[in-house]
Amino acid sequence: MTKKKMKLIDDNFIMSPKYDIVFKYIFGNEKHKDLLIALLSDVLGVPEEEFEGIEIINSELLKDFKEDKKGILDVRVKTKNRR
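As the structure is a computational prediction, the values presented were derived from the model and not from experiment.

### Regarding a negative patch on the surface
And step 1. There is a patch of like negative charges on the surface, built from Asp-34, Asp-42, Glu-48, Glu-49 and Glu-50.
And step 2. Its place among the elements puts Glu-49 in the loop between α2 (33-44) and β1 (60-61).
And step 3. Its relative accessible area of 55% is what places Glu-49 among the exposed residues.

Shown next as structure tokens:
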């Protein structure tokens, strides 16, 4: 009698970037700035060379008052011409 090994991990499984955590892992990572710039360029219709630079910072907005709702700013970009 031979025992078959159970495969617990599917090597072909890919999580969708539609999930916030996956999107942030891909585009919110310093190592992937080039991907973020390409995405922003396409979405905003701004050529990549127009970006002054890109800095990935903590996106959670601080509350001014206890009753304020939590805010998360997904993207903030500044171009060379200050747009």
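After that view, the rundown keeps rolling.
### A short note on the pattern of salt bridges
Opposite charge on two side chains makes pairing possible when the charged atoms of those side chains draw close.
And step 1. Under the counting rule described, the total for this entry stands at one salt bridge.
And step 2. A salt bridge links Lys-33 to Glu-30; the nearest nitrogen and oxygen atoms lie 3.1 Å apart.

### Describing the environment of Phe-51
And step 1. Tracing the chain through its elements places Phe-51 in the loop between α2 and β1.
And step 2. According to the relative accessible area criterion, Phe-51 is buried, its value standing at 8%.
And step 3. For Phe-51 and Ser-41, which are ten residues apart along the polypeptide, the C-alpha to C-alpha distance reads 8.5 Å.
And step 4. Beyond its immediate chain neighbours, meaning those up to four positions away, Phe-51 contacts Ile-37, Leu-40, Ser-41, Val-46, Val-77, Lys-78, Thr-79 and Lys-80.

Conventions and cut-offs
Residue indices follow the written sequence of each chain, beginning from 1 at its first position. In keeping with the predicted nature of the model, local features appear solely for residues at pLDDT of at least 70, side-chain atom pairs appear and are counted solely at 80 or more, and the whole-chain, interface and lining totals rest on all residues. Each side-chain value is derived from all of the structure's non-hydrogen atoms; neither hydrogens nor water enter the calculation. Distance thresholds for patches are 9 Å for like charges and 5 Å for nonpolar side chains (Val, Leu, Ile, Met, Phe, Trp, Tyr), applied to residues having over 30% relative accessible area and no salt bridge. Areas reported as accessible are Shrake-Rupley estimates using a 1.4 Å probe. Residue values count occlusion only from the protein chains shown. Every case where a carboxyl oxygen of Asp or Glu lies within 4 Å of a side-chain nitrogen of Lys or Arg is listed as a salt bridge. For the purpose of charge, His is not counted, nor are the chain termini; Lys and Arg are scored as positive and Asp and Glu as negative. In this description, the location of a charge corresponds to atom NZ of lysine, CZ of arginine, CG of aspartate or CD of glutamate. Put simply, DSSP marks the helices as runs of H or I at least four residues long and the strands as runs of E at least two long, and each gets a number from the N terminus on. Note on classification: 1.4 Å probe, protein chains only; a residue is buried when its accessible area is under 20% of the maximum for its type, exposed when over 50%, partly exposed between these limits. Contacts were defined at the residue level, with two residues in contact if any of their heavy atoms lie within 4.5 Å.

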